[in-house]
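Residue strings, one per chain:
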Amino acid sequence: MAWIKVHNLHLSLGGPALLDGVDFAIDSGDRVCLVGRNGVGKSTLLRVLAGDLPPDGGKVLVQPGSQIRYLPQEVPSGFSGAVRTIIASGIEESPSRKQGHPESDSTTLEPSQEWDVSVRVNTLLTRLDLDGDKDFSTLSGGLKRRVLLARTLVSNPDILLLDEPTNHLDITAIAGLEKICSEYSGCLVFVTHDRMFADKVATRIFELDRGRLTDWPGNYAEYLRLRELRLQTEAQQDALFDKKLKSEEVWIRQGIKARRTRNMGRVRALEKLRETRRVRRERIGNVRLRLEEAEKSGKLVIEAEHVSYQYEGVSIIKDFSTIIQRGDRIGIIGPNGCGKSTLLGLLLGKLIPVAGHIRQGTRLEVAYFDQLRATLDEEKTVADNVANGRQQVEFAGRSRHIIGYLEDFLFAPDRARMPVKALSGGERNRLLLARLFLQPANLLVMDEPTNDLDVETLELLEGVVGEFEGTLILVSHDRTFLNNVVTSTLVFEGGEIGEYVGGYDDWLAQRAVPQEVVKVKVVEKVRKTVEKNRERRKSFSEKKELASLPGRIESLEEQLATLHQTMADPDFYKNSQGSEVAAIQQKEQLLEQTLAETFQRWEALEAIPD
């Protein structure tokens, strides 16, 4: 029996049917990526499968006794305490069974299983780059979501439902999540806009389009190839249908003589053609994107020389130098909180460095896409956020009505008159693009522009940015977008900013030690050690060693902190010889490696039963 079986599912939330007779079955081992345009009902379908939303009709059958875990897009309220405790609660909490799903007994851990909880939690903390001792309430929205993702994964449920799991994850965390999902043996259904994640994880693709669901075998790349062929066939069939309908409409309107002798069967067939055409739902149109380009800037756009920046005494950027020239396409990569947005602020002159200097070129016209959406007025309408109360906007040398302009970004007239606070994340991003593209610019600065956009809009945005003749500075965790758009990358790594030719894949090929690969290998080694040690007990010497490890870890962390403080001082680089700097950096790498190995040993010993 399939783990999930859906039959004739119907659901409408006040508009056209989101689910219109949907049928499918999912077996254990299937990793299904659910794709479709923003607003077609992907999140709604996940909620139905999770039992959070009852359908209007049809059935959702779940194998009795199975455990379901569901990660929604938004961070729910009601969680408090240490990160480690919240993640572990995902094992102890009984799975919810609602809306016709079979009831399940509460989940209780036997004494022999309790030791495994710590290993699972620590593995997820490592793979998702989380601090288990942090208080949940102090975390940013992105980190809170990452904690809840770990909480969803920790119990290794039979059925796993993930809604945009890569949102707000940095590249290292995404790589860790890819590894987890690829090894997952249960039934996985996920929604994502991350094309590389979908291609590496999915074994099947479900496309939701105009209320109908199409099942595509294979990975995301194969789905794209087959979908293009299907769309071409559908367009040809629709054209033939419309041609026949037009011909029959001409026939029915012939003169009085023809009407006296017409075939009534043919009349009834025409009526059926009309009804078929009436209920045919057209594909959602594409966003029509085009940048308003300004006159060319000077050849030099931005020059940074030995720039350092601190925030509340903490070094964020140190001794950074680069030259950005007209036409350069720069990607910025790094973990969350490392200082990518700070670097943008420095380059644009919004922040003042504590050391070094930044020089901007001439004739710069900057268009800035803000990841925090801070430029949107929540109470104003969509139209007023773009046109400031005016009815016309100037674009590409001509005047356009604001409603018509917003239709290019898929805002229907009624949606364009709604307040911004009613918009989804994807709609807010499209609104920012609508505002951005009205600005004549020769320097385009984009801070996480891809969040919440559907794949079709992402691909169109790639094309527009690719055709932009000015200079681009892009911060993104979307690896495919980086590969397709940028020609060089600035990467936060090891306390410094490295510069590489090419996009994300080129950086992977050029860097010395891929950090996420190292983390995955460490976790895999820990897992194998745990499996090996399950059948034996700790020896006396191992218990003694385990007791000493927390003190050793604390000592190593203190040494690293002291070293980082030394390296954060701008005078360190000015007053030290090159050999001294290299020696300090080598010591830092050795300490970090020793600390990682100590953590690995601690996890392995802790996993052995007493």
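The rules behind each value
- By convention here, each chain's residues receive numbers from 1 onward along its written sequence.
- Local features in this predicted model are restricted to residues of pLDDT 70 or higher, and side-chain atom pairs are both shown and tallied only at a pLDDT of 80 or more, whereas totals for entire chains, interfaces and linings draw on every residue.
- Heavy atoms throughout the structure, all of them, feed into the side-chain values; hydrogens and water do not.
- The buried label goes to any residue with under 20% of its type's maximum accessible area, the exposed label to any with over 50%, and the partly exposed label to all in between, with areas taken from a 1.4 Å probe on protein chains only.
- Counting from the N terminus, the helices are the DSSP runs of H or I reaching at least four residues and the strands are the DSSP runs of E reaching at least two.
- A pair of strands is labelled paired if DSSP reports no fewer than 2 bridges between them.
- Contact definition: two residues touch when any of their heavy atoms are within 4.5 Å.
- Should a side-chain nitrogen of Lys or Arg be within 4 Å of a carboxyl oxygen of Asp or Glu, the pair is scored as a salt bridge.
- Axis definition: a line fitted to C-alpha atoms, over the contacting stretch in the case of helices. Angles run 0 to 180 degrees between N-to-C directions.

1. Topic: the pairing of strand E12 (residues 329–333)
Across the five residues of E12, five count as buried, placing the element largely inside the fold. Here E12 shows a buried face lined by Arg329, Gly331 and Ile333 and a second buried face lined by Ile330 and Ile332. Bridge count for E12 against strand E18 (residues 471–475) is four bridges, and the pairing is parallel. From the neighbouring strand, Ile332 faces E18, where its bridge partner is Val475. Here four bridges tie E12 to strand E19 (residues 488–493), and the two strands are oriented parallel to one another. Looking at E19, one finds that Ile332 is bridged to Leu490.

2. Quick notes on the environment of Leu595
Relative to the helices and strands, Leu595 is located in helix H21 (residues 578–607). The buried category is assigned to Leu595, whose relative accessible area is 12%. Spatially, the C-alpha atoms of Leu595 and Arg552 are 8.8 Å apart, while their sequence positions differ by 43 residues. Setting aside anything within four residues of it in sequence, one finds Leu595 in contact with Ile553, Leu556, Glu557 and Leu560.

3. Examining the pattern of salt bridges
All chains considered together, the criterion is met by 17 salt bridges. Notably, a salt bridge pairs Glu183 with Arg127, separated by 3.7 Å at the nearest N-O pair. You can see Glu183 sitting in helix H5 (residues 171–183) and its partner Arg127 sitting in helix H3 (residues 111–127), a full 56 residues away along the chain. By relative accessible area, which is 38% here, Glu183 ends up partly exposed. In this structure Arg127 comes out as buried when scored by relative accessible area, which is 7%. We note a salt bridge from Glu303 to Arg359, for which the minimum N-O separation is 2.8 Å. In this pair, Glu303 is assigned in strand E10 (residues 300–311) and Arg359 in strand E13 (residues 355–360), connecting sequence segments 56 residues apart. Using a relative accessible area of 13% as the deciding quantity, one classes Glu303 as buried. Judged by its relative accessible area of 45%, Arg359 falls in the partly exposed class. Among the ionic contacts, a cluster of salt bridges with common partners joins Glu178, Asp194, Lys200 and Arg479.

4. Brief notes about the sheet that holds E18
The six strands lie next to each other as E14-E17-E18-E12-E19-E20, forming an open sheet whose pairing is mixed. If you trace the sheet from one side to the other, it starts and ends with strand E14 (366–369) and strand E20 (496–501), each paired once. Strand-to-strand twist of the sheet, defined as the mean angle between neighbouring strand axes without regard to direction, takes the value 15 degrees. As defined by bridge partners, E14 adjoins strand E17 (residues 443–447) across four bridges and the pair is classed as parallel. Across the sheet, Phe369 pairs through a bridge with Met446, a residue of E17.

5. Notes on the sheet that holds strand E1 (residues 4–11)
The strand order across the open sheet built from three strands is E2-E1-E4, with neighbouring strands paired in antiparallel fashion. Each edge of the open sheet is held by one strand with a lone partner, namely strand E2 (19–26) and strand E4 (57–62). Adjacent strand axes in the sheet meet at a mean angle of 10 degrees, parallel and antiparallel pairs treated alike. Bridge analysis of E1 against E4 gives five bridges, and the strand direction is antiparallel. The residue of E4 that forms the bridge with Ile4 is Val62. Lying over the sheet, helix H1 (residues 42–50) contacts E1, E2 and E4, oriented at roughly 125 degrees with respect to E1.

6. Description of the pairing of E19
Most of E19 sits inside the fold, with five of its six residues counted as buried. Both E19 and E20 contribute to a ladder of six bridges, which runs antiparallel. Bridge assignment links Leu490 to a residue of E20, and that residue is Glu499. Two successive antiparallel strands, E19 and E20, enclose a turn made up of two residues, where Gly494 displays a positive phi of approximately 60 degrees.

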